[in-house]
Every structure is written in C-alpha cells, then in structure tokens.
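# Coordinate inspection notes
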Amino acid sequence: MSTTPTPTPGTGSTPPPECPAHAAATTGGLHRLHGAEAQADPLALYEKLRAEHGPVAPVLVSGDLPAWLVLGHRENLDVARTSSRFARDPRGWRDMREGRVPADTPLGPMVSWVPVCNFTDGPAHERLRSAVVESLERFDKRGIRRYVTRFANQLVDQIAREGYADLVSAFSDQLPMLVMTQLIGAPDEHGPLLVNAARDMLQGTETALQSDRYVTATLESLVVERKAKPARDLASWLIEHPADLTDTEVLMHLRVVLIAAYETTANLIANTLRTVLTDPRFRASLSGGHMTLPDALEQVLWDDPPINTIIGRWATGDTQLGGQQVKAGDMILLGLAAGNADPQIRPDPAASVHGNRSHLAFSSGPHECPGQDIGRAIADTGIEVLLDRLPDLQLAVDASELQWRGTLMSRHLLSLPVRFAPRAAPDPLPQEEQPAGHPVHAVIPPQPTAAPAVAGRRRRGRGRGVSWWKRLLGRV
C-alpha cells in the first residue's frame with residue numbers, strides 16, 4: 001500500500017502496552033482492526049479514521065497486515081459495483097502471493113480461495129450465483145414464516161415459565177440456525193454444534209480453522225446423502241440445478257449460505273431486540289403506530305448492521321479511491337457500518353430513515369447478499385412471535401451494562417437479560433399433529449411448504465396492528 005508508513009523505532013521512554021500511544025508507536029501510526037480499540041467501540045474508531053484520512057483509511061488486519069478500510073457510502077458502492085477494479089478473488093492479494101500471510105491466519109476462511117460465487121467475478125460468478133439465487137427462490141416464503149413461527153414458539157416455551165432469560169443465548173443465537181439447518185437439509189442434531197462452530201469461525205479465534213473444518217465435514221456428508229436421496233432442500237436443489245455444480249461447488253455454497261445467513265440474522269435479531277428495549281425513539285415511533293416491525297428492522301440495518309466489515313476486495317491494478325493511491329494487490333475492506341454513518345448521506349444520524357433501503361447492510365452490486373429476504377423473514381417473524389408471547393419484556397440490567405464482543409467483521413451482543421411475568425407454556429399439540437417418530441415438544445423443523453400452524457395461535461398480519469407493541473412499550 002503506497003501510503004502505509006514504515007514503523008520506526010521510538011526514542012525515549014516506551015509507553016505501556018495497553019496505552020494507545022504504544023499501539024501507534026508499534027504500528028507506524030496505523031490503527032488495528034483486530035485489537036482492543038476496535039473491539040471496544042468500532043463505530044468510534046471508524047469516525048476517528050474518517051477524521052484522519054477521509055472516506056478511505058489505511059488500517060491493519062490480523063497479523064498487522066495492511067489493508068484499506070472504505071468508510072464512505074459512495075466509495076463503498078464504487079468498490080462493491082466495480083469488479084473490474086476491485087476483484088473478489090483473494091488470490092490477487094499481494095501479501096498472500098509474496099508469503100507474508102501465515103498459513104494459520106485467523107483470516108483463513110475469509111481469504112482462502114474456494115470455488116464459490118463470492119470469490120469469483122464475470123461469467124464464472126454468474127454461473128455459480130444463478131444456482132444459489134434460483135435455488136433459494138424455490139422456497140415458499142409463507143412456508144418459511146410458518147416454521148419460523150413454530151421454532152420461535154418452541155424457544156419461547158423453554159423460557160416462559162422462568163420469568164427471566166438471556167435473549168441472545170436463548171433466542172437470537174438459536175433461531176437462525178434452526179431455520180438454516182432445515183433450509184439446507186442438515187440433520188437437526190447438528191444445529192447446536194453448527195451454532196458453536198459458525199460463531200467460532202467468524203470470530204477468527206485460534207480454533208477458527210478447526211471449526212471451519214467441522215462445518216465443511218458436516219456439509220460434505222450432507223451432499224453425499226442428498227445425491228443418493230434428494231429432498232426439498234437447498235442441498236438437493238443445488239445438486240440438480242442446470243448450472244451443473246460439482247460436489248465441491250455444492251458443498252462450498254451450502255457453507256457460504258449457512259454461515260452468512262446465521263451470523264447476519266442472529267445479530268439482526270439481537271440488535272433489533274436491544275433497540276426496542278432501550279431506544280426511546282423506537283418506543284415513541286412504535287407506540288404511535290408510525291413504525292411497523294419491518295420498518296424497525298430497516299432502521300436497525302442502518303444504525304447497527306449485523307456485519308460491520310466485509311473482507312474483501314483486491315485491487316486489480318493501481319488506482320485511486322477516495323483520494324488514496326491504491327496499489328495492485330492491495331486488500332480492500334468494505335466498511336458497511338461506517339458507510340451507513342457517512343455524514344455525506346446522513347448529516348443527522350438521529351433522523352429517521354423510514355422507507356429508505358439504500359443502506360449497505362447487505363452490501364451491493366453483483367455480490368449483494370442473495371438471501372437477505374430470507375434473513376428478514378426469520379428476524380421479523382421470530383421477533384414478532386417473541387413479543388407477542390412475552391409483551392411485558394423488560395431489560396433486566398441497565399443498558400450501560402450490556403457488553404459486546406468485537407471482531408473484524410462484526411460486533412456481537414454478548415447477552416440481553418430480560419424479565420417478564422412467568423407464564424405456562426401452551427398445551428402441547430395433540431399427538432396426531434406431532435411429526436411421526438419425534439417426541440412432543442422436540443424442536444423439529446417441519447417441511448418448508450407444509451408446516452402446520454401451531455395449534456391455538458394465529459400470526460397477526462404484517463403491519464396491520466400494533467397492539468402487542470403498545471403492551472410492550474407500556475412496560476419499558
């Protein structure tokens with residue numbers, strides 16, 4: 001990178017390691033996106049970088065490797081939409097080609113090339129992406145909402161009698177994987193293990209590579225099974241798609257869909273619930289009927305997107321971006337959260353963005369998230385069930401006590417403790433309505449297009465009423 005200063009030894013006394021001055025002295029003045037500063041308050045770091053460098057800033061990623069973080073909304077769109085200048089293939093990363101990236105880097109799952117659509121451009125990308133998009137479109141959205149409702153009710157049943165719960169561990173971290181394992185066709189018993197492995201992999205921990213291998217091995221077994229016995233799921237539809245994907249291509253796309261959908265949806269649910277319970281603006285808008293739950297989700301996608309940063313793009317040649325001289329092979333990071341907060345498009349960050357979907361939460365261009373509508377359906381249906389069942393939810397701690405775990409890619413709420421009046425779970429479904437071969441109350445994903453509604457409950461129309469919101473808002 002042309003503007004990356006060369007770190008030089010300091011003179012005089014050395015600041016203690018925990019001091020920001022120490023970090024500056026040891027990194028040549030560049031900010032790390034993998035250290036304490038970024039984990040503590042990434043949004044504040046983005047604004048510091050914007051003030052120092054403008055819409056594109058030089059930063060360091062894991063291993064103190066140089067990269068460019070794109071902070072401007074317009075510049076993010078430029079990178080995301082111009083694959084001729086900013087390719088998706090990580091094999092173009094100069095530091096990788098020249099041997100500066102360790103083999104065991106925590107970035108491995110995000111920078112190791114595999115034959116998937118998000119690591120390709122041009123005709124190869126079009127072929128692979130068409131298989132993913134067209135297979136996802138085969139799901140009946142109403143059917144998806146029916147079994148999201150079923151899963152969400154089962155999760156609420158598990159906490160309803162207690163009067164207290166952590167909505168992260170008991171709800172937002174569980175619901176997306178229950179749904180996604182059903183969508184891809186994985187056996188139900190893999191759900192909890194896949195939750196842990198997916199989170200570990202995306203955090204870039206020391207065991208990220210082992211977790212990545214577990215996810216891959218699980219999906220490899222699924223591909224073998226579905227080739228022998230097709231079903232109505234994503235694995236089967238990718239296998240039979242006219243794009244004629246290889247077994248490896250099927251496996252890797254299942255992995256991409258599972259991991260990406262899980263992380264973004266789990267964070268979206270948690271962020272929305274936190275905002276509903278703590279933000280007076282939401283309380284006022286919802287209690288006045290000026291905002292529906294889908295509207296609330298879009299506001300959260302602006303203010304607190306589930307993914308902060310996307311790795312990555314790689315410059316195909318020397319170019320300019322946001323006033324910076326970018327060299328061929330440089331790593332580019334899409335700053336989704338930073339772009340959403342760009343003062344050029346949001347001079348007043350407190351102003352409502354009602355009806356505006358130009359946020360960057362799902363990226364943009366040819367690599368825009370193909371499953372975003374499924375993620376929205378899981379989030380708003382699941383949250384609606386939760387708040388309908390437990391309308392008296394209250395935050396059990398002061399909002400200032402909530403904590404997050406920050407990573408290069410995301411900021412994950414660690415817990416969301418809530419209180420509510422204990423209540424008995426509804427009577428179980430009659431035995432004849434239970435899926436054959438499974439015990440009553442088991443969390444069993446029904447078929448996407450034929451899931452029975454939970455007995456005795458009817459999902460309210462989307463946006464047609466706010467009575468359950470008013471009940472909730474009267475208590476928070």
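That block above? That's the structure.
Residues numbered from 1 in each chain as written. Predicted model: local features only at pLDDT ≥ 70, side-chain atom pairs only at ≥ 80, totals over all residues. Heavy atoms only, no water.

This part covers the overall build of the protein chain. In terms of helices and strands, the protein chain carries 19 helices and 13 strands. Residue burial in the protein chain is summarised as follows: out of 476 residues, 54% are buried. Taking as baseline every contact in the protein chain between residues at least 6 positions apart, the subset at least 24 positions apart corresponds to 72%. Element-wise, carbon and sulfur atoms account for 53% of the exposed surface of the protein chain, whose accessible area totals about 20100 Å². (Helix = DSSP H or I, 4+ residues; strand = E, 2+ residues; numbered from the N terminus. Buried < 20%, exposed > 50% of the residue type's maximum accessible area, 1.4 Å probe, protein only. Contact = heavy atoms within 4.5 Å. Areas by Shrake-Rupley, 256 points an atom, 1.4 Å probe, with all protein chains shown as cover.)

Here we have six strands laid out as an open sheet, ordered β1-β2-β3-β9-β6-β4, and mixed in their pairing. The strands lining the two open edges of the sheet, one partner per strand, are β1 (31-32) and β4 (86-87). Sheet topology places β4 next to strand β6 (residues 309-315); two bridges connect them, and they run antiparallel. Note that in β6 the partner of Ala87 across the bridge is Trp314. In this fold helix α4 (residues 73-81) packs onto β2 (56-61), β3 (65-70), β4, β6 and β9 (331-335), with an angle of close to 125° to the strand it touches most, β9. (Pairing = 2+ DSSP bridges. Axes fitted to C-alpha atoms, helices over the stretch in contact; angles between N-to-C directions.)

A few words now on the sheet that holds strand β5 (residues 164-166). Pairing in this open sheet of three strands is antiparallel, and the strands run β5-β13-β10 from one edge to the other. A strand with exactly one partner marks an edge of an open sheet, and here the two such strands are β5 and β10 (394-395).

This part is about the packing of aromatic side chains. By the definition in use, this model includes three aromatic pairs. A centroid spacing of 6.4 Å and a plane angle of 45° characterise the contact between Trp93 and Trp314, whose relative ring orientation is tilted. With Trp93 in the loop between β4 and α5 (94-97) and Trp314 in strand β6, this residue pair connects regions lying 221 residues apart in the sequence. Judged by its relative accessible area of 0%, Trp93 falls in the buried class. A cation over a ring is seen here: Arg411 above Trp404, with NZ or CZ 4.1 Å from the ring centre. (Phe/Tyr/Trp six-rings, centres within 6.5 Å; stacked < 30°, edge-to-face > 60°. Lys NZ or Arg CZ within 6 Å of the ring centre and 35° of its normal.)

What follows concerns helix α10 (residues 175-184). With respect to burial, α10 is a largely interior element, ten of its ten residues being buried. Where α10 is concerned, the buried positions are Leu175, Pro176, Met177, Leu178, Val179, Met180, Thr181, Gln182, Leu183 and Ile184. Gly185, located one to two residues past α10, shows a positive phi value of around 100°.

Before going further, it helps to examine the nonpolar core. Soluble globular proteins tend to pack their nonpolar side chains together in the buried interior. The biggest cluster of nonpolar side chains holds 84 residues, and the ones touching the most others in it are Leu167, Phe171, Leu175, Leu254, Leu273, Leu393 and Leu416. Val59, Ile311, Leu408 and Met409 belong to the second largest nonpolar core, which has 25 residues in total. (Core = buried A, V, L, I, M, F, W, Y, C linked by side-chain atoms within 4.5 Å.)

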